[in-house]
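Each chain is listed here by its residues.
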Amino acid sequence: MSERLTRARTVVVKIGSSTLVDAATGSLSAGWLQAFAADVARARARGQDVVVVSSGAIALGRRRLGLAAGALKLEEAQAAAAVGQIELARAWSEALAGHGLTVAQILLTLGDTENRRRYLNARSTLKTLLGMGSIPVINENDTVATAEIRFGDNDRLAARVAGMIEADVLVLLSDIDGLYTANPRTNPQARFIPEVHAITPEIESMAGQAGSDMGSGGMATKIMAARIAMEAGTHMVIANSATPSPLSAIEQGGRCTWFLAPHSPAALRKRWIAGTLSPAGALVIDEGAAGALGQGRSLLPAGVARVEGAFERGDCVIVRDMNGREIARGLVAYGADDARRICRARSAEIEALLGHRGRDEMIHRDDLVLLKG
Ligand code: GLU
């Protein structure tokens, strides 16, 4: 069980306000953060990409602003987030700098994860940062999110982020060690559930409506997050943050609940590509490129003889051979105009032709599905 975490290439870890901010004093739990930073550094040393989704801005800010306990009005929460986010980002930056790791702050709104262009941009920034070995630390952009269009809880935000970057595992660190058949704090009959394979109505009914002054997520939002993650092919695990090294604890078989996605993100992506009903255009490729594709390689601009249709970067296109036979489908890395400019060119010439450096491949092999037969 522990290997699910150690083998993951990309891991997203969500940390709640009640873990990071001391309820009594409203100040940052610096000791916890330090120990957790060591956990992150260990994962990086193994070659894993790590993204942190951190709550705590509102909890930190409300203390600074001297706001009274209890529920905040939206504008108060937004003001508190504006103040607290500075402190939160600095704390992460300092904790991880101690391990030679660079932190990048990213504030996302719900719209950033739903609007296609913004989604693609956020994804590409995240992937670029990970490629550079940085640790993105993400929070909701609470200061601008309006009541109707905000996540409001970082559980679902973290699940969307995990899907966006095709993470293998999403870890939700919580003040509880996993899912129980009922609330174990009030019901002594509550049974622990170590593994969930599908979000059934029964599983949903196990999640009460718990929440606290500090954060917004209860078990109900965690189950919603599990559904989002599993649909994206990401396994999710709920574990207790009380231990100073929660990731190590999961690795060592500590108690936690796994929500297991039936398909990997890569398999889902390929299925989606293969099933696209109306591809936006086509690339006609030469014999050499067709041979390369058959061997599982990417499609390079040099192998593209002709570009048909109007499509944008990231759209699904048909790949045809010179005889007009459809041989593959894939997500193209260039819009139609740019694709026309660089077809037949070597990858090294792309920059000179377009004025900026794009991907070497017209369609990367991870984004390509060969049609059988
Ligand atoms: N974005 C909020 C904050 O940083 C927390 C949301 C949540 O509790 O999940 O304070």
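Everything that follows concerns the structure shown earlier in this document.
Residues numbered from 1 in each chain as written. Predicted model: local features only at pLDDT ≥ 70, side-chain atom pairs only at ≥ 80, totals over all residues. Heavy atoms only, no water.

**Q** So what exactly am I meant to see when it comes to the layout of surface pockets here?
**A** Gaps between atoms show up when a probe of the same size as a water molecule is rolled over them. By volume, the largest pocket is sized at about 1700 Å³. Forming the walls of the largest pocket are 45 residues, and the residues nearest its centre are Arg123, Lys127, Glu166, Arg269 and Asp367. Those elements giving two or more residues to the lining of the largest pocket turn out to be α6 (110–114), α7 (116–131), α8 (154–164) and α12 (265–274). The element best represented in the lining of the largest pocket is α7, accounting for 9 residues. Grouping the amino acids of the lining of the largest pocket by side-chain chemistry returns 16 nonpolar, 11 polar and 18 charged. (1 Å grid on protein atoms, 1.4 Å probe; cavity = no way out; pocket = protein on both sides within 12 Å on 5 of 7 lines; lining within 4 Å. Points joined across faces, edges and corners; volume = space filled by probe spheres on them. Helix = DSSP H or I, 4+ residues; strand = E, 2+ residues; numbered from the N terminus. Nonpolar A, V, L, I, M, F, W, Y, C, P; charged D, E, K, R; others polar.)

**Q** Would you mind going over the sheet that holds strand β12 (residues 304–309) with me for this structure?
**A** Where strands meet in a sheet, backbone hydrogen bonds hold them as pairs that are either parallel or antiparallel. Read from one edge of the open sheet, 5 strands run β12-β11-β13-β14-β15, paired in mixed fashion. Either end of the sheet is taken by a strand with one partner, and the two such strands are β12 and β15 (368–370). Between one strand axis and the next, the sheet turns through 25° on average, direction left out of account. In this sheet, β15 lies alongside strand β14 (residues 326–331) in antiparallel orientation, the contact comprising 3 bridges. Bridge assignment links Gly330 to a residue of β15, and that residue is Leu368. (Pairing = 2+ DSSP bridges. Axes fitted to C-alpha atoms, helices over the stretch in contact; angles between N-to-C directions.)

**Q** What is the right way to look at the nonpolar core in this model?
**A** Nonpolar side chains in soluble globular proteins tend to end up buried together. By size, the foremost hydrophobic cluster in this structure holds 45 residues, and its most contacted members are Val12, Ile138, Leu170, Leu179, Ile199, Met236 and Phe259. The element contributing the most residues to this core is helix α10 (residues 219–231), with 7 residues. Residues in contact with Phe259, not counting those within four places in the same chain, are Leu179, Val196, Ile199, Ile223, Ala226, Met230, His235, Met236 and Ile238. (Core = buried A, V, L, I, M, F, W, Y, C linked by side-chain atoms within 4.5 Å. Buried < 20%, exposed > 50% of the residue type's maximum accessible area, 1.4 Å probe, protein only. Contact = heavy atoms within 4.5 Å.)

**Q** I keep staring at the environment of Thr276 and nothing clicks. Help me out?
**A** Along the chain, Thr276 falls in the loop between α12 and β11 (281–285). Sequence spacing of Thr276 and Leu107 is 169 residues, and the spatial spacing of their C-alpha atoms is 31 Å. In contact with Thr276, not counting residues within four places along its chain, are Cys316 and Arg329.

**Q** Explain the pattern of salt bridges to me, please; I cannot follow it from the model alone.
**A** Opposite charge on two side chains permits them to pair, given that their charged atoms come into close proximity. Enumeration according to the criterion identifies 26 salt bridges in this entry. Ionic pairing is found between Glu312 and Arg117, a salt bridge with its closest N-O pair at 3.9 Å. Of this pair, Glu312 sits in the loop between β12 and β13 (316–320) while Arg117 is found in helix α7, placing the two residues 195 residues apart along the sequence. According to the relative accessible area criterion, Arg117 is exposed, its value standing at 59%. Via salt bridges that share partners, Lys14, Asp155 and Lys222 belong to a single interconnected network. (Salt bridge = Lys/Arg side-chain N within 4 Å of Asp/Glu carboxyl O.)

**Q** Sorry, what's going on with the packing of aromatic side chains here?
**A** The relation between two aromatic rings is expressed through the spacing of the ring centres and the mutual angle of the planes. Under the criterion given, the structure shown has 3 aromatic pairs. Taking 5.9 Å as the distance between ring centres and 80° as the angle between the ring planes, the aromatic pair formed by Phe36 and Trp92 counts as edge-to-face. Of this pair, Phe36 sits in helix α3 (residues 30–45) while Trp92 sits in helix α5 (residues 74–97); the two residues are 56 residues apart in sequence, bridging distant segments of the chain. Taking relative accessible area as the criterion, Phe36 reaches 0% and is therefore assigned buried. Ring centres of Tyr180 and Phe192 lie 5.2 Å apart, and the angle between their planes is 70°; this geometry places the pair in the edge-to-face category. Of this pair, Tyr180 sits in strand β6 (residues 179–180) while Phe192 sits in strand β7 (residues 192–193), and the two are 12 residues apart along the sequence. (Phe/Tyr/Trp six-rings, centres within 6.5 Å; stacked < 30°, edge-to-face > 60°.)

**Q** Just checking my understanding: could you explain the side chain of Asp367 for this structure?
**A** With respect to the secondary-structure elements, Asp367 resides in the loop between α15 (350–354) and β15. Classification of Asp367 as buried rests on a relative accessible area of 9%. Beyond its immediate stretch of four places on either side in the chain, Asp367 contacts Arg269, Ile273, Arg329, Gly330, Leu331 and Arg359.

**Q** What is the right way to look at helix α4 (residues 57–64) in this model?
**A** Because each turn of an α-helix spans 3.6 residues, side chains separated by three or four positions end up pointing in the same direction. All buried positions along α4 are accounted for by Ala57, Ala59, Leu60, Gly61 and Arg62. Tucked into the core, α4 has its buried residues touching α2 (17–20), α5 and β4 (135–140). The positive-phi residue at the C-terminal boundary of α4 is Gly66, with phi of around 70°.

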